[in-house]
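Summary of structural features
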Amino acid sequence: MTTPPSTPAARGSKARETAKATKSAVSPSEASRLDWRRIAYNALVSRALDDVEEATNKNKATVPREHLVLYQFSARGHEVAQCILGSFVDHRHDAASAYYRSRPLLLALGLSIDDALGSPLGRAGGFSDGRDIGVVCNLPNSDAPIVLPMSGDVGSQFTPCAGWAQSIRYHTDVLGESDWKGAMGVVLGGEASVATNGFWSALTMATTLSLPMLFYVEDNGLGISVRGEMQTPGADIAQNLASFKNLFIRNGDGTNPGESAALIAECVAHVRGGNGPALVRLTVPRLNSHSGPDNQRGYRTEAEIAADAERDPLPKLRAHLVPGILSERQWTELEAEVARDVQAGLDAARARPNPDPAGVGRWVYADDTPGSPEALGGLSRAERAELDGSETLAESTDVVRFAEAVRRTLRHELEVNPKVLVFGEDVGRKGGVHLVTEGLQKQFGDARVFDTSLSEEGIIGRAVGMAIAGLMPVAEIQFRKYADPAAEQLNNCGTMRWRTANRFAAPIVVRMPGGYGKDVGDPWHSLSDEVRFVHAYGWQVAMPSNAADAVGLLRSAMRGANPTIFFEHRSLLMTSDGSSRYPGDDYVVPFGSGATLRTGSDLTLVSWGALVHRCVEAADRFEGRVEVIDLRSIAPWDRERVLESVTKTGRCIIAHEDNITAGFGAEIAAVVAKEAFWYLDAPVDRIAVADVPMPYHPVLLDAVLPSVDRIAERIQATLQA
Ligand SMILES: Cc1ncc(C[n+]2csc(CCOP(=O)(O)OP(=O)(O)O)c2C)c(N)n1
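The structure contained in this document is the topic of the report that follows. Nothing here was measured: the structure is a model prediction, and the numbers come from that model.

**Examining empty space enclosed by the protein**
For the structure shown, the criterion picks out six cavities of 30 Å³ or more. Estimated volume of the largest cavity: approximately 110 Å³. Lining the largest cavity are 14 residues, and of these Pro 149, Ser 151, Ser 156, Pro 160 and Gln 489 lie nearest its centre. Counting residues per element, the ones that place at least two in the lining of the largest cavity are helix 17 (456-468) and helix 18 (487-499). A total of five residues in the lining of the largest cavity trace back to one element, the largest contributor, which is helix 18.

**Thoughts on the sheet that holds strand 20 (residues 685-689)**
Reading across the sheet, the five strands line up as 15-17-16-19-20 and stay open at both edges, with mixed pairing between neighbours. What marks the edges here is a single partner per strand, and that holds for strand 15 (595-598) and strand 20. In this sheet, adjacent strand axes meet at a mean angle of 25° when their direction is disregarded. One ladder, built from three bridges, connects strand 15 with strand 17 (residues 626-630); its direction is antiparallel. Within the sheet, the bridge partner assigned to Thr 596 lies in strand 17 and is Ile 629.

**Observations regarding the side chain of Arg 499**
Structurally, Arg 499 can be placed in helix 18. Comment: no salt bridge for buried Arg 499; closest opposite-charge side chain is Asp 132, at 4.8 Å. Only 2.8 Å separates the side chain of Arg 499 from the backbone oxygen of Met 150, close enough to count as a polar contact. A polar contact is formed between the side chain of Arg 499 and the side chain of Thr 495, at a distance of 2.8 Å. Those residues within four positions of Arg 499 in sequence are excluded, and the remaining contacts are Phe 127, Ser 128, Arg 131, Asp 132, Pro 149, Met 150, Ser 151 and Asn 492.

**Some thoughts on the pattern of salt bridges**
For the structure on display, the rule yields 43 salt bridges. Across the pair Asp 294 and Arg 286 runs a salt bridge whose closest N-O atoms are separated by 3.8 Å. Each member of the pair Asp 294 and Arg 286 is classed as buried. Across the pair Arg 381 and Asp 368 runs a salt bridge whose closest N-O atoms are separated by 3.2 Å. Linking Arg 381 in helix 14 (residues 381-387) with Asp 368 in the loop between helix 13 (328-351) and helix 14, this pair joins segments that are 13 residues apart in sequence. Taking relative accessible area as the criterion, Arg 381 reaches 19% and is therefore assigned buried. Given a relative accessible area of 38%, Asp 368 falls into the partly exposed group. The structure contains a network of salt bridges with shared partners spanning Arg 480, Lys 481, Asp 484, Asp 529 and Arg 532.

**With respect to the nonpolar core**
With 66 residues, the main nonpolar core has Ile 84, Leu 85, Val 186, Leu 214, Tyr 216, Leu 317 and Trp 331 as its most contacted residues. Within the second largest apolar cluster, 60 residues are counted, among which are Phe 402, Ala 403, Val 406 and Ile 687.

**Re the site of the ligand**
Within the structure, the ligand sits among 17 residues, and Tyr 99, Tyr 100, Arg 101, Gly 152 and Leu 222 are positioned closest to it. At 3.2 Å, a backbone N or O of Ser 193 approaches an oxygen atom of the ligand. Against a free-state accessible area of 590 Å², the protein chains account for coverage of 71% of the ligand. A breakdown of the residues in the shell around the ligand according to their chemical character gives six nonpolar, seven polar and four charged.

**Focus on the side chain of Asp 294**
Structurally, Asp 294 is set in the loop between strand 6 (278-283) and helix 11 (302-309). The exposure class assigned to Asp 294 is buried, which follows from its relative accessible area of 16%. Separated by 3.1 Å, the side chain of Asp 294 and the backbone nitrogen of Gln 296 make a polar contact. In this structure Asp 294 touches Arg 286, Ser 289 and Tyr 299, once residues within four positions along its chain are discounted.

Basis of the calculations
- Residues numbered from 1 in each chain as written.
- Predicted model: local features only at pLDDT ≥ 70, side-chain atom pairs only at ≥ 80, totals over all residues.
- Heavy atoms only, no water.
- 1 Å grid on protein atoms, 1.4 Å probe; cavity = no way out; pocket = protein on both sides within 12 Å on 5 of 7 lines; lining within 4 Å.
- Points joined across faces, edges and corners; volume = space filled by probe spheres on them.
- Helix = DSSP H or I, 4+ residues; strand = E, 2+ residues; numbered from the N terminus.
- Pairing = 2+ DSSP bridges.
- Axes fitted to C-alpha atoms, helices over the stretch in contact; angles between N-to-C directions.
- Buried < 20%, exposed > 50% of the residue type's maximum accessible area, 1.4 Å probe, protein only.
- Lys, Arg positive; Asp, Glu negative; His and termini not counted.
- Salt bridge = Lys/Arg side-chain N within 4 Å of Asp/Glu carboxyl O.
- Polar contact = N/O pair within 3.5 Å; in protein donor to acceptor, adjacent residues only side chain to side chain.
- Contact = heavy atoms within 4.5 Å.
- Core = buried A, V, L, I, M, F, W, Y, C linked by side-chain atoms within 4.5 Å.
- Near = heavy atom within 4 Å.
- Areas by Shrake-Rupley, 256 points an atom, 1.4 Å probe, with all protein chains shown as cover.
- Nonpolar A, V, L, I, M, F, W, Y, C, P; charged D, E, K, R; others polar.

Quick look at the structure:
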C-alpha cells in the first residue's frame, strides 16, 4: 500500500512521476508555436492585479485599505498554466467555463484590465455592472472564444460546458455550420471541485457522448482548508480516472511552463481531432489565502506556506524564457509595460462611476423593446420575430388530450425551428414515461430528440450551455420532485441575465409533470411546489389547466427570451378535464394573461392547474355569483384581471394544490388585501393543501386535496361573511 503524499510540495513531485507514467511522446511542436511573450504579459498582469487588490506590493495603490475591493480571490500561483491554456483556446466557437480563480484565463481571452479591476471595485459597466463579485465574471466575445457566465457555486461550471460541447456537434452535424468544426468546450476547476455532482455529471456526458470537451483541473492541494485527500482518494483525480473509458488523461506540474504547454497541447489536439474528451490535471501552489476573509490560520503551517512559495511559477516562467526566448532587457521592458498598463487600468477603473441604484431591478427578465441591447444566448430577436404566432384560436373540431397537445406543439416547433432540441430521461426511444414525446425521435432523429443520462443537474446544465450556444433546448424533468438535484442549475439559469447585466441569458424550457394523479398520490410523483420557481428569479412559470392553454403557453415559451418552467399536471395529461379543442399550430398565449372561465357578481375564485376544474364545478353551484379566474401562468400573474374582478365582486378566495403556508395564494391574498382593501366585503380566504406531503392512499389523498364540496363550502362561508 502506498501512503498518499501529505504536503502540497510532495504532491507536486508525485504528480511529476505520474506525468512521466501517463505521458506518451510529448511533442513540443504544438507548444513551441506559442506566443510566450503574450503568455508572460498576461501572467504578469494577473499577478499585478492581485498585488493591487491585496496591496502586497508596497509601491502599489492602497486599494484594500480604502476597502474598495469587497471580496478578493487571488490567482497567485495559478496564473502561468492558465495563461498557457488560454493560448490554446483560440477557435472562434470555443467556450471556457470557469470559476472565481480563473481571471488569468480571461485576461488571455481578452478581458481588459479596466474591466478586470472595475468589476472588483464594483463600478458601473463591465461584466456585471456592480452586481456580482469581481472575479465571478464572463466574456461574451463576438467572433472569438467566449467565457460562459461563472457562478459562485463550486462544481456548477461543469455541466453547462458539456452543453456547449454537445452544441458544437449540433451546429456542425445538424445545422451544417462547418465553421463550428474543431471547436471545444474547456472547463476549469480546482481539485476540490472534482468531488461535486456537477463534475461527475459532466464527465458522464462527455465520455458517453464523446464530446469535444477538455477538463482542466488545477490542483493546489486545498479546497478552502480541506486537503485533496478528502476530495478523491489519494488526492490525484487523474490517477483515479486512469481506467475511465473514453477519457484521454494527462497529469503534470503546472509550475513548469514547458511541461504544462506540452500536456495541454496533447489534450487539445485529442479533443479537436474529434477523439472525445480529455482531462489534464496540473499541480500548482496556492500562494495566498483562499480569499480575502481567510487568513489560513489553523490549517496551514508556516513551513507549508514557505514550501509552496518555492514553487511560484513566475520565476520558473522567467527562467524558461530568459535568455532563450526573451532577453533580460525584453523581460525588464515587459515588466515595465505591465506596471504601466495596470496603473492605467486602475486609474480608468477608479474613474468609472458607481452603479446606478435606480437600475438594479433591470434585467431580471428580457427587455424586448426594439433597440434595447440583446444578450448572448437563445434565439435572436430577429429569429423570434420570424416565428411570430397568433392569439386567436383556430377553427377546429379536433379535441385533443393535454399530452397530445404538448406533443403536437413540440412537433410543430421542431419542424419550423431547426434550433429546437427535446431531451430528458426516457424521452427518446420510449417517448417519455408519460408518453408525451412519443414518436418524436423517430421523426426527427436522435440528435434532436434524445435520452439523457440520469442526472437532472446534467439535463438542466446541458440545456443552459446549449441556450448560450444559440439553441432552443426543451428539457423534460421526469417528475417535479426530481428537479431537486437540478436546483443549483435552475437557480443560476434564472439569475443569469440579471447578474451579467444582460450580457448573457439562457432561455430554456423545462417541462415538468407533477401534481396529484387521478385517484393516486405520493410524496415523489405528486409534488407541485410551484411557488419555489416563482420565488427563484428570472423564471416564467406556466401552469396550464387544459390542452389549448398548454399549446399557447408552450409555444410562447419556445419562442420567447426568458427561461420557463412548464408544468404538466399529471391528472390532466390523459383525462377529459385536460382535453380541449386544438387551438392551431400558431396559437400563443402571452405570459401573465389569465382567463375568466365564469363570470359572477359576488365572489372571485382564483386558481391554476388541475384545481381549476374543481373550482369551476364548485362555482357552478352558485348560479352566476362566483367569477372563476384561471391564472394560466403564475410568473408573471395577471394582477390586473384579479384586482378588477375583486373590485367588482368584493370577495376573493384562492384555491391551489401547493402547501397553504407560503404558497402562491399567500402572495395573491396580500396583493388583494392591499390593493382592493376598500372594495372587500369579506376577508380574503385561501383553500389549499395542508402542510403535509402528498399521501399515497386515496382516502388520505382525498383528505388533503381541496375537493369540489370543500371549495363550495368555503365559497358559501365567504358569501355569508
Ligand atoms: C456548492 C458550493 N459549496 C461550497 C462553496 C464554498 N467554497 C468556495 S471555494 C471552496 C473550495 C474550492 O476549492 P477548489 O475547487 O479546489 O478550488 P480552489 O479554490 O482551490 O482554486 C468552497 C468549499 C461554494 N462556493 N459552492
